[in-house]
Amino acid sequence: MKRIAEKKKQENIVEYILYLYRMEDLIRAYKFDIREIEKYVLGHERINERDRIESRDWLEKMAKAMADLGIKEKGHLPEAQGWVDELAKIHWELIKEDPDYFAIYKKTQMHLLLLISEAGDQNPGHEVQLFINTLYGLLLSKLNGKNAPEDILEAAAKFGDALAYLNAVLMKRKANRYLN
């Protein structure tokens, strides 16, 4: 699991964020009992002993951090939220500077307005958080064998396009920082 997270972090930050959210929910589902996760999750994974131990340690550190931060019921670890916020910074920058991104963003607006109005008091913080939350909700629906409403599927497709663009820009910037 840890190696999967590291690979996603190198290749696609949006997938990495969604994976971290899944791991947070996994920890919550097992009530922060790492022994249970090791027995019922890691014990069923086809991974070698070293990877199993690394994944157990990684999940245990994640669980401790979640408990320390008071996000046992809901909320996200600072690393995940930091990446979401970084994507949001790029989002606001590109809306002003990049006509290609702006065209993609315009296609999300109808869905954004609808989902924001449906959210009521549960403000997602910013549009990129809403993009991520929608994709994560769709992922959870699929994992639970449920069909999402057509409007959510449409929104997720548009949000996915925007996130793919943001991810590409972020990954390019990361590569440029690495080269410089």
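Reading the values: rules and limits
- Residues numbered from 1 in each chain as written.
- Predicted model: local features only at pLDDT ≥ 70, side-chain atom pairs only at ≥ 80, totals over all residues.
- Heavy atoms only, no water.
- Axes fitted to C-alpha atoms, helices over the stretch in contact; angles between N-to-C directions.
- Helix = DSSP H or I, 4+ residues; strand = E, 2+ residues; numbered from the N terminus.
- Parallel < 35°, antiparallel > 145°, perpendicular 65-115°, else oblique.
- Left-handed = near helix turned anticlockwise from the far one by under 90°.
- Contact = heavy atoms within 4.5 Å.
- Nonpolar A, V, L, I, M, F, W, Y, C, P; charged D, E, K, R; others polar.
- Salt bridge = Lys/Arg side-chain N within 4 Å of Asp/Glu carboxyl O.
- Buried < 20%, exposed > 50% of the residue type's maximum accessible area, 1.4 Å probe, protein only.

Caption draft 1: Summary view of the packing of helix H3 (residues 34–42) against helix H4 (residues 49–69). The N-to-C vectors of H3 and H4 enclose an angle of 140 degrees; their axes lie 10 Å apart at closest approach. Considering their axes alone, H3 and H4 lie oblique with respect to each other. With respect to the hand of their crossing, H3 and H4 are arranged in right-handed fashion. Contacts between H3 and H4 pair Ile34, Arg35, Ile37, Glu38 and Leu42 from the former with Arg52, Ser55, Arg56, Leu59, Glu60 and Ala63 from the latter. The residue inventory of the contact of H3 with H4, partitioned by class, reads five nonpolar, one polar and five charged.

Caption draft 2: Representation of the pattern of salt bridges in the model. Per the counting criterion, the structure on display carries 15 salt bridges. Between lysine 2 and glutamate 6 there is a salt bridge whose closest N-O contact spans 3.7 Å. Of this pair, lysine 2 and glutamate 6 both sit in helix H1 (residues 2–11), four residues apart, roughly one helical turn. Among the residues examined, lysine 2 registers a relative accessible area of 25% and is labelled partly exposed. For glutamate 6, a relative accessible area of 40% gives the class partly exposed. Between glutamate 93 and arginine 173 there is a salt bridge, and its shortest N-O distance comes to 2.3 Å. Taken together, the residues glutamate 93 in helix H5 (residues 78–97) and arginine 173 in helix H9 (residues 150–179) connect sequence positions 80 residues apart. Overall, the relative accessible area of 27% leaves glutamate 93 in the partly exposed class. Residue class for arginine 173 comes out partly exposed when judged on its relative accessible area of 25%.

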